[in-house]
Amino acid sequence: MGSDGYLPLFETRRARGRVLYRLFVVSVFVGICLIWIYRVSHIPRKGKDGKWGWIGMLGAEFWFGFYWVLTQALRWNQVYRCTFKDRLSQRHEKELPKVDIFVCTADPVIEPPVMVINTVLSVMAYDYPPEKLSVYLSDDGGSDLTFYALLEASHFAKHWLPYCKKSKVEPRSPAEYFNLSDDPLDANQSKELVFIKKLYDEMENRIKNAAKLARISEELRSKHRGFSQWYSYSSQRNHDTILQILIDGRDPNAKDKDGFVLPTLVYLAREKRPQHHHNFKAGAMNALIRMSSEISNGPIILNVDCDMCSNNSHSVRDALCFFMDEEKGHEIAFVQFPQNFKNVNRNEIYDASLRVMTEVEFHGLDGCGGPSYGGTGCFHRRDTLCGRKFSKEYKTDWSSLNGIRRKDSVHELEKNLKGLASSTYDKNTPWGKEMGLLYGCPVEDVITGLSIQCRGWKSVYFNPSKKAFLGIAPSTLPDALVQHKRWSEGGLQILFSRYSPAWYAQGKISLALQMGYCAYCLWAPNCLATLYYTVIPSLYLLNGISLFPQISSPWFIPFAYVISAKHICGLAEFLWCGGTILGWWNSQRMWLYKRTSSYLFAFMDTILKLLGFAESGFVISTKIADEDVSQRYEKEIMEFGTSTPMFTILSTLAMINLVCFVVVLKEALMGEGIIRVYETMSLQFVLCGILVLINFPLYQALFLRKDKGKLPSSLAAKSIVLALLACISFTLLY
Ligand SMILES: *[C@@H]1O[C@H](CO)[C@@H](O)[C@H](O)[C@H]1NC(C)=O
């Protein structure tokens, strides 16, 4: 409680054990410095003693050390937030602001309409005055199927929303809810639940049937005037703006079955023309910002991806506790919730839960100025998203914001507003440069958030124990790797962009936050040092040249300390975030695979792009998997399935290490060899051995598995040949 009896709407707590952690960090840093000193002072004189290999190790270790320092910015000062929603309702229930919710979808096949409407229904059913909620679906697929599904959802909402309110349903995505409450033995299931479930199942069937036919029947078409807009539609990339206000919150007839008002519901497919760049999701979001400013103009905007259901009906109120706090609220531009996933399995073979990022690193960012904008599960002030600079005098008068309303009828609105979503609207305007989401970067969200923070605003990371949003994580290895390629490529592009956290942000945000951003932007260059470390020491092992201190040397100690401290700390962190030991081991494998494939390709693509060679594209990650694939996912078997250049690299690296390991092990087991290996090359040998161990699932996929998710045998042959070539040519070199 403040001295004047003022009760804040939210509270910020610092993490416990900070002093201990900082001491530990300092001790590791001393170890890293000792390693650097050792490397610099012990460079071999002659090439044949491994001089060049040594210098490379120096470079790699210098990079690892530097990068480790950056990641400490994400851990140094972690904070946790909690909200007081009861105080919010006591003080502000009458003047709660309007909230506009954007749901973005891009492809009716990859993102099935049933999933999309579950997300839409989950956010329509927020525990919030419905007349103040507006939900916008942006369909970049321009699909009449998605529109049809949304139309069905708008009817179903009339039953679902009152039911949610009456029975205090959680979570409010119907599919998730029925999934959880689907207990055939539960005789207490009320009549109403049975009825609602039947309605839902029928709706789902109709949508799935339409999807199977891949078109909307004439009979359905004739039922709603909205379908007429598809007559001018020629393809996903070439069509007029399609705007349909399915539920108009102003309409006195728009009531649910109990006679309560419904939230506004709008479908938008912005105009697409092959000759104009559509700027992917950023373009869609900007069209939505403009469109919504004329329809509902809520001062708060929430955006979610179409796979990301709300799992907590109170999240809007949570977010408002930050914005509406009388003392600190005015400096907060956005409130980011973590991305959590409903489909990660226990041991997370693809490390897709982003556990450490959501449970540790973002709390660290929050402690030094605020998390980055993650592109989904984030509440924004409309003002700041539209480019407003921060000023101390700026205070929102929430009660004045709810009045603005257009008088046009729905028809007129639909007709008059279409221009706002035209494919050329942005041209020669500040949109995409200073207003809205920024264009030209594969991670438009991060750069947008950074630009907002550079304008002086703070952001907040709110991670309640009951998760607010649940999405779908990639469930095959190629998907996971492609996703990380996009992220790491985008990060590196931000570093070189106008809004570089290294240069532009200098003096605008705190140094720690700059470092934190850089740690993300520098994902991709990690590939070089990691590749070096996974190949060169093993090859030198083959030649009997030692690149690490002997076990009896005092220089061995810093190596042993840094390596074990880093991994034990990493494991502890992982377990603390709720992971398992096997999950940690799997995350180490993914760490390796991401760095040696996704990051490598991202790095090369970015360099090529900087040199003016290539254009980057936007790949949507698959949200559905066929039966076979899901079963393997359940059993935690890695899914490779195809032969991509990424897998060629991964298998070749794995084979090189296997060859080196087997050859050296054989030598070591014969005669005196074992003592020599133990004394002079133990670290190198252990490193090679761990790489072999961690690659075990890959060897399985190459040689042992028979299912469809294995690696093709052509790739096995190719990687063996490449690995042998590498080993032989390296041996000949010396
Ligand atoms: C999602 O919501 C349900 C219902 O309230 C809850 O039981 C579950 O724990 C939530 N999920 C997560 C991951 O928090």
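The name an unreviewed UniProt entry gives the protein chain is Cellulose synthase-like protein E1, with Castanea mollissima as the organism. Under the Sequence similarities (unreviewed entry) heading, UniProt states for the protein chain: "Belongs to the glycosyltransferase 2 family. Plant cellulose synthase-like E subfamily." The Subcellular location (unreviewed entry) comment attached to the protein chain in UniProt states, word for word, "Golgi apparatus membrane".

1. Concerning the overall build of the protein chain
Tallying secondary structure elements over the protein chain gives 24 helices and 13 strands in all. Here the protein chain has a C-alpha radius of gyration of 28 Å; the compact-globule value for 734 residues is 27 Å, and the two agree. A principal-axis box enclosing the C-alpha atoms of the protein chain has dimensions of 90 × 65 × 60 Å. Of the contacts made within the protein chain by residues no fewer than 6 positions apart, 83% connect residues no fewer than 24 positions apart. Within the protein chain, one finds 83 positive and 71 negative side-chain charges whose respective centroids are separated by 4 Å.

2. Details of the UniProt feature "binding site: UDP-alpha-D-glucose" (unreviewed entry) in the protein chain
Here, UniProt's "binding site: UDP-alpha-D-glucose" (unreviewed entry) annotation points to Glu-111 and Asp-140. The named residues occupy 30 residues along the chain; their greatest pairwise C-alpha distance, 11.3 Å, places them in one compact cluster. With respect to the helices and strands, Asp-140 occurs in the loop between strand E4 (133-139) and helix H5 (144-167). Using a relative accessible area of 11% as the deciding quantity, one classes Asp-140 as buried.

3. Thoughts on the pairing of E4
Of all seven residues making up E4, seven are buried, and the element is well covered by its neighbours. Of the two faces of E4, the one carrying Leu-133, Val-135, Leu-137 and Asp-139 and the one carrying Ser-134, Tyr-136 and Ser-138 are both buried. Here seven bridges tie strand E3 (residues 99-105) to E4, and the two strands are oriented parallel to one another. Its bridge partner being in E4, Asp-100 is matched across the sheet by Ser-134. Running through helix H4 (residues 113-124), the crossover from E3 to the neighbouring parallel element E4 is right-handed. Direction of pairing for E4 relative to strand E6 (residues 264-269): parallel, over a ladder of five bridges. Pairing of Ser-138 across the sheet is with Leu-268, part of E6.

4. Comments concerning unusual backbone geometry
A negative phi angle characterises most non-glycine residues, just as the trans form characterises most peptide bonds. Glu-170 connects to Pro-171 through a cis peptide bond whose omega is -15 degrees. In this model, Leu-354 sits at a positive phi of 50 degrees, which is unusual for a non-glycine residue. Inspection of the secondary structure puts Leu-354 in the loop between strand E10 (340-341) and helix H11 (355-367).

5. Quick notes on the site of the ligand
The local shell around the ligand consists of Glu-170, Pro-171, Asn-311, Ser-465, Lys-466 and Lys-467. A distance of 2.5 Å is found between an oxygen atom of the ligand and a side-chain nitrogen or oxygen belonging to Asn-311. One of the backbone nitrogen or oxygen atoms of Lys-467 is found 2.9 Å away from an oxygen atom of the ligand. Surface burial for the ligand is 57%, taken as the share of its 350 Å² of free accessible area covered by protein chains. When grouped by side-chain class, the residues that make up the shell around the ligand number one nonpolar, two polar and three charged.

6. Comments concerning the nonpolar core
As a rule of thumb, nonpolar side chains are buried together in soluble globular proteins. The biggest cluster of nonpolar side chains holds 108 residues, and the ones touching the most others in it are Tyr-350 and Leu-477. Here this core takes 12 residues from helix H21 (residues 645-669), the largest share from any one element. Viewed by domain, this core spans two of them, domain 1 (18-75 + 513-733) and domain 2 (98-173 + 233-473), each represented by three or more residues. Residues contacting Leu-477, with those up to four places away along its chain left out, are Tyr-350, Met-590, Tyr-593, Met-638, Glu-639, Phe-640 and Phe-647.

Rules of the game
- Residues numbered from 1 in each chain as written.
- Predicted model: local features only at pLDDT ≥ 70, side-chain atom pairs only at ≥ 80, totals over all residues.
- Heavy atoms only, no water.
- UniProt positions renumbered as here; feature names shortened; annotations may be inferred.
- Helix = DSSP H or I, 4+ residues; strand = E, 2+ residues; numbered from the N terminus.
- Rg over C-alpha atoms; globule rule 2.2 N^0.38 Å.
- Contact = heavy atoms within 4.5 Å.
- Lys, Arg positive; Asp, Glu negative; His and termini not counted.
- Charge placed at Lys NZ, Arg CZ, Asp CG, Glu CD.
- Buried < 20%, exposed > 50% of the residue type's maximum accessible area, 1.4 Å probe, protein only.
- Pairing = 2+ DSSP bridges.
- Right-handed = clockwise from strand over helix to strand, strands pointing away.
- Near = heavy atom within 4 Å.
- Polar contact = N/O pair within 3.5 Å; in protein donor to acceptor, adjacent residues only side chain to side chain.
- Areas by Shrake-Rupley, 256 points an atom, 1.4 Å probe, with all protein chains shown as cover.
- Nonpolar A, V, L, I, M, F, W, Y, C, P; charged D, E, K, R; others polar.
- Core = buried A, V, L, I, M, F, W, Y, C linked by side-chain atoms within 4.5 Å.
- Domains from an automatic or database assignment.

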